[in-house]
Amino acid sequence: MTQALNSTRLPRRLHLNVNILHAGFVPSAWRLPSSDPGAFVDAQHYIRVAQIAEAGKLDAVFLADNAAIVDQIHFRPITALEPTVLLAMVAAATTHIGLIGTASSSYNEPYNIARRFATLDHVSRGRAGWNVVTTADLPSARNFGRDAVPDHAQRYARADEFTSVVKALWNSWEDDAFIGDKASGRFIDPAKVHPINHHGEHFSVHGPSTLPRSLQGYPVVVQAGGSADGRELAARHAEAVFSASQSFEESLAYGRGLKARAQALGRGPDAVKVLAGLTTIIGATEAEALRRRDELVDLIPWDYSLTRLAGILGLTPDQLKLDERLPDKLALPTNGNGNHTFFNATLAVARRHNYTARQTIRALAGGGGHRVVVGTPEQIADDIALWFEGGAADGFNLMPDALPDGLQDFVDGVLPILRRRGLFRTEYEGTTLREHLGLPRPPGRDPVRQAA
């Protein structure tokens, strides 16, 4: 049984991240008059969004990633820049905001990822987080010499071992291994720097890391899988989980199940924070917000939206009709080897409201399965408070409709309401991502226990 990280219960607090999804969550966001179509490869765009988030005292910014072109680039910008390089630039332009980047366990090696994120953690002085993904798309597989996507269970077995190795490397230095004593000439105590000597089914890694532990111990481990294998991986390793639940009840059950499993594995009751995906479209009135949503959706070509919806559901576009209900019997794409999370979330919206394909696309703001809330700042704050106070989420991974304007609207309009209700911080209480998330610094290597 692993040692529980939380020795004391910390006061529960609302957590808010922002997903910097290039121009914004809605695929047409780049077409708005205030948007820059080239922002998806402009580091200054990401820095500006991060600075707005930091001014709002948000916990972190988050960068998704793909190892291939998986969207329809004839219409929409893609996640093109490598996250850790970009986040290093963001780190230099900020002081407190957390920096969470995505890296695949399917198409990397543990030592490289451990070193890359430990470096980001050091240069940001303890603000880094690693989002573990297993990558289920065929274009990525082909970019790494494979003719097919590895089996779902195999990807997650690899991810489990991969994450264990990364964490072992991050812990391969004892906290006091660095001496740096000019008088004695002692720099490092080599007796406190340990090879990990890992030999497993997927990896053989000798170690140790080239880097000591960071100000926060090591980067926060984040995960986003909604499948049974994904939830097991999260229960074993994740300290924050990005979920895609569409209803309060679904999110409540998801969080309770995940935390119970984590506790059964010897982790503390607060070891995992559940951060639900939330797209916000804000207006001065509800009618104005709905009008903004409709204008953004109507800027998306319907053939783009239909193709995207079909891809999520594992169908071809000709199997869907815009003004007809979705097919009655739908199975997980590629015999369960596709993206479980967005398939289930998208289908949940359509089935709950008996939507047509067109209505489903509009309800999801042309997006890929995350929950969309359209309304005034007060309505957005009410929704967040309901989920947080009811225990359905520990916080939210925000995906504003357009960036940076949608985030600025949230910071200016919604955050003051949440603060008046005592739900969100007015100032940072620490400097590391772990402190923002209410996570204790993980204990360092115990040489006696390791030897045993």
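For the structure, see preceding data.
Residues numbered from 1 in each chain as written. Predicted model: local features only at pLDDT ≥ 70, side-chain atom pairs only at ≥ 80, totals over all residues. Heavy atoms only, no water.

1. Considerations on the packing of helix H1 (residues 43-55) against helix H2 (residues 83-92)
When two helices pack together, their arrangement is captured by the angle between the axes and the distance separating the axes. Between H1 and H2, the least distance of the axes is 9 Å, while the angle of their chain directions is 55°. Of the possible angle classes, the one that applies to H1 and H2 is oblique. Between H1 and H2 lies a crossing of right-handed hand. Each of Ala43, Tyr46, Ile47 and Ala50 in H1 lies in contact with H2, whose residues at this interface are Leu86, Met89 and Val90. A breakdown of the residues in the contact of H1 with H2 according to their chemical character gives 7 nonpolar, no polar and no charged. (Axes fitted to C-alpha atoms, helices over the stretch in contact; angles between N-to-C directions. Helix = DSSP H or I, 4+ residues; strand = E, 2+ residues; numbered from the N terminus. Parallel < 35°, antiparallel > 145°, perpendicular 65-115°, else oblique. Left-handed = near helix turned anticlockwise from the far one by under 90°. Contact = heavy atoms within 4.5 Å. Nonpolar A, V, L, I, M, F, W, Y, C, P; charged D, E, K, R; others polar.)

2. Observations regarding the nonpolar core
The tendency in soluble globular proteins is for nonpolar side chains to be buried as a group. Ranked by internal contacts, the top residues of the largest apolar core, which has 66 residues, are Leu16, Phe396 and Leu418. The contact partners of leucine 418, leaving out residues within four places of it in the chain, are Leu14, Leu16, Ala381, Ile384, Leu423 and Phe424. Judged by nonpolar contacts, the second largest core, of 17 residues, contains Ala29, Phe75, Tyr304 and Ala365. (Core = buried A, V, L, I, M, F, W, Y, C linked by side-chain atoms within 4.5 Å. Buried < 20%, exposed > 50% of the residue type's maximum accessible area, 1.4 Å probe, protein only.)

3. Some words on helix H9 (residues 302-313)
Between its first and last C-alpha, H9 extends 16 Å over 12 residues, near the 16 Å set by a 1.5 Å rise per residue. The complete set of buried residues in H9 reads Tyr304, Ser305, Leu306, Arg308, Leu309, Ala310, Ile312 and Leu313. Trailing H9 by a residue or two, glycine 314 shows a phi angle of about 75°, which is positive. (Expected span 1.5 Å × (residues − 1).)

4. Side note on the environment of glutamine 246
Counting through the fold element by element, glutamine 246 comes out in the loop between strand E10 (240-243) and helix H7 (248-264). We classify glutamine 246 as buried; its relative accessible area is 11%. In the structure, glutamine 246 is positioned 32 residues away from leucine 278 in sequence and 9.3 Å away in space, judged by C-alpha atoms. With near-sequence residues (within four places) excluded, glutamine 246 lies in contact with Ala345, Ala348, Val349, Arg352, Leu364, Gly369, His370, Arg371 and Trp387.

Function-wise, these values are silent; they only describe arrangement.
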